[in-house]
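Fold and geometry: a report
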Amino acid sequence: MGHIPEESTSFVGRVSELTCLDGALTGHRLVTLTGIGGVGKTRLALRAAARAAERYQDGVWWSDLSSLDGERLLLATVSDAVDLADHTSRMPVESLCEWLAGKEMLLVLDSCEHLVDSCRDLVADLLTTVPGLTVLTTSRQPLGLEAEHVIDVLPMPAEGQDATSLFKERATAAGAAGRLAEPGADEAVLAICRRLEGVPLALELAAAQVGRATVQEVAERLGSRFDLVSRSLVVWPQRHRALRTTIGWSHELCRPVERLLWARLTIFRGGFDLESARSVCSGGPLSAEAVGPVLERLVAQSVVRRDGDHYRMLDTIREYGQWWLRALAEESALADRHAFHYLRLARQADEGWLSADQAGWYRWVNTARTDLCTALDHLLATAPRYGLDLAGLIGFFWSGSGRLHETRGYLEQGLAAYPAHGPERTRALWVLGLTVTLQGQYEDARRLSVDAARAAWEEGDNEAVVAAANISSLISVLTGQPLAAQVTTDHALEVEPGRHFASAARFRCHLVRVFALIGLGKLRDARAEAEALRDRCVELDECWTRSYLDYQLSIVALLAGNPTVAACHARTMLDGKRLLRDNFGIALGLDVLAAAIAAQGEAERAAGVFGVGQAYWRTVGHPQRGTPELGPIRAECERSARAGIGDEAYERAFRRGASADLQAALASVLDAASPIEA
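Given the structure is predicted, the values throughout are model-derived calculations rather than measurements.

This paragraph deals with the overall build of the protein. The secondary structure content of the protein amounts to 33 helices and nine strands. Taking 2.2 N^0.38 as the reference for a compact globule, 678 residues should give roughly 26 Å; the C-alpha atoms of the protein span a radius of gyration of 28 Å, in line with that estimate. For the protein, the C-alpha atoms occupy an extent of roughly 85 × 60 × 45 Å along the three principal directions. Per-residue burial over the protein gives 55% buried out of 678 residues.

The end-to-end C-alpha distance of helix H26 (residues 523-540), which contains 18 residues, comes to 25 Å, matching closely the 26 Å that a straight helix rising 1.5 Å per residue would cover. Turning to H26, its buried residues number three or more, namely Ala526, Ala530, Leu533 and Cys537. Take H26 and look down its axis: the buried residues cluster within an arc of 75°, on one side only. Every exposed residue of H26 that faces more than 90 degrees away from the buried side is listed here: Arg524 and Glu539. Against helix H25 (504-519) and helix H27 (544-559) lie the buried residues of H26. Looking at the residues trailing H26, positive phi occurs at Asp541, about 60°.

Strand order across the open sheet formed by three strands is S7-S9-S8, with antiparallel pairing between neighbours. Pairing within the sheet leaves two strands with one partner each, and these edge strands are strand S7 (272-273) and strand S8 (305-307). Judged from the two bridges that link them, S7 and strand S9 (residues 310-312) form a sheet pairing that is antiparallel. Opposite Asp273, over in S9, you have His310 as the bridge partner.

This part takes up the nonpolar core. In this structure, Leu265 and Val304 are the most contacted members of the largest nonpolar core, which totals 227 residues. For this core, the leading source of residues is helix H29 (residues 583-599), giving twelve residues. Apart from residues no more than four positions distant in its own chain, Leu265 is found in contact with Phe272, Ala277, Cys281, Leu295, Leu298, Val304 and Met313.

Running from N to C, H27 and H29 point in directions that differ by 25°, and their axes come no closer than 10 Å. In terms of orientation, H27 lies roughly parallel with respect to H29. Taken as a pair, H27 and H29 cross one another with a handedness that is left-handed. Counting all contacts with H27, which are made through Tyr548, Tyr551, Ser554, Ile555 and Leu558, the residues of H29 involved are Phe584, Gly585, Leu588, Val592, Ala595, Ala596 and Ala599. Split into classes, the residues belonging to the contact of H27 with H29 amount to ten nonpolar, two polar and no charged.

Our next topic: the packing of aromatic side chains. To describe a pair of aromatic rings, one takes the distance between the centres and the angle between the planes. Taken as a whole and assessed by the stated rule, the structure comprises 18 aromatic pairs. Plain terms: the ring middles of Tyr362 and Phe397 are 4.8 Å apart, the flat faces sit at 65° to each other, and that makes the pair edge-to-face. Separated by 35 residues along the polypeptide, Tyr362 in helix H17 (residues 358-367) and Phe397 in helix H19 (residues 384-400) bring together distant segments of the chain. Taken as a pair, Tyr362 and Phe397 share a single burial class, namely buried. What links up through ring pairs into an aromatic cluster is the set Trp353, Phe396, Trp430, Phe515, Trp544, Tyr548 and Tyr551.

Cut-off values and rules
Residues numbered from 1 in each chain as written. Predicted model: local features only at pLDDT ≥ 70, side-chain atom pairs only at ≥ 80, totals over all residues. Heavy atoms only, no water. Helix = DSSP H or I, 4+ residues; strand = E, 2+ residues; numbered from the N terminus. Rg over C-alpha atoms; globule rule 2.2 N^0.38 Å. Buried < 20%, exposed > 50% of the residue type's maximum accessible area, 1.4 Å probe, protein only. Expected span 1.5 Å × (residues − 1). Arc of directions from axis to C-beta. Contact = heavy atoms within 4.5 Å. Pairing = 2+ DSSP bridges. Core = buried A, V, L, I, M, F, W, Y, C linked by side-chain atoms within 4.5 Å. Axes fitted to C-alpha atoms, helices over the stretch in contact; angles between N-to-C directions. Parallel < 35°, antiparallel > 145°, perpendicular 65-115°, else oblique. Left-handed = near helix turned anticlockwise from the far one by under 90°. Nonpolar A, V, L, I, M, F, W, Y, C, P; charged D, E, K, R; others polar. Phe/Tyr/Trp six-rings, centres within 6.5 Å; stacked < 30°, edge-to-face > 60°.

Dropping the structure here:
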């Protein structure tokens, strides 16, 4: 249970530090690892967290704050890290505290130094309200809380085995093992470790230079570099000087185009792929075709790190590159290119929603969240029309993935910043209406849907008319007015007869119409329409609509007395929602699957699945939601399950499901032959 990132390189030494940290985590609820950039705080925390995992009943959860530019996304990032996708309108910190209440876990907040005040406030709230919580933070300075136990992480002993082992392992990994076997190499390694004061990142950067030069040459060049620095007017503390000098030396060894790319890549806050690097960072002496080879040379020099198809920079190296970007006077231009690149990608995502690429775009919108937010912040400040456009384009994806607070915040900011009428504003209104609907604020959502519909009619935008009607009819369905929902969808779909399946908005409107038919008890019509629409989704290899159609077909089958078919559709729906990482949809699917299993007479298994469903409902901040017809089905199936095995056995099975690891429990549920294990 929990989540700890995988270590991408070998872990070297730090035995005494790990022992000290193990003891600190046992005796203190808040432990902070402090030290200069590049000293190894994150790697030490990562290894210590893995070693301590068995001591925490609810696991270890890791939140990387390094990519955040300001406090706006702090709560959202921490909530993501602990699997909370809050669908309520409460203050996010209240939802987070409630979600963690009763848990016994270790939360790691990595890289707090640029958010010390905000992290201090958040950690204080969490420790006060969650007695079973232990927090481990890494930062260049303490948070400043009374309960904080601070451990200063020092460099490795310069003449010790750990420093030399780290240097040799990194040089070997870079393909320079032969250089380490040359005469005099051991003495040169030791000289390098002394010169660099045992700072791990400095050692890794120096090791990356071995291969194109001998170890002795690296040692000599570093010595010359330090002599130059010591004669300069700039005075740094020794440990800071070692790292700063090594980064500067690595920068000097780069070719001009490598230095240029290094500086430009700092515009990315999170990970980035080659396409994005080419789009944003090419220009002038750096052609788009050259970006790939230059990027690989930066990887070889440990300036950039590769993680699969994505790349990223460590904070300390990014900071150095940002200084050069300012010196080049390219910050503003790069920020524009970065923002409009992500706007172009968001438009592609919107165009690809009704296609086989849909699930991939959902993953991209969530993976690229930090850079999308950076782009949003920049555009809303400098070009609000485009900022509002971007917020509307990604808002549907985000709302479907549980990022309701972020979606609502950016949309409301954008609507205030750009009040002019136009397609960007109309889209933002209906996406905000959907977001507010999912938060359960139906009256506010109705007003937004009316505003969106009025704007769409005035602009003569038929697709926007359908999109606004989709929100209005969804509210009607959720508030027990299926006839109103049917009338609204029918009217909207007839705006342009003959184009019933011509757009994403129309697919979603048809979907709500099926919900309305179910609510009206027209099960035969509902099944026929759902099957026809599902066939179209299968042709397109579309996932989001198809998964909800399977949900509807599951309900129809249950109401028609066919629980086996209902269970099959429910599992197919859950497969789709798991692919989209939609916890709200997963919770709905688990409820209907549990009901189908109970109707099949498997009372104990149904209780376990109901329990897993309850765990997923907690991740979205609701006890249970859904269309009105699902409530009586849940209640009847729970009653029959309790009657089948008795209240005590039902509660035991329910608690097993509710306390299981979410991902493992869902995988078990989807394996029809596998019970929920204790």
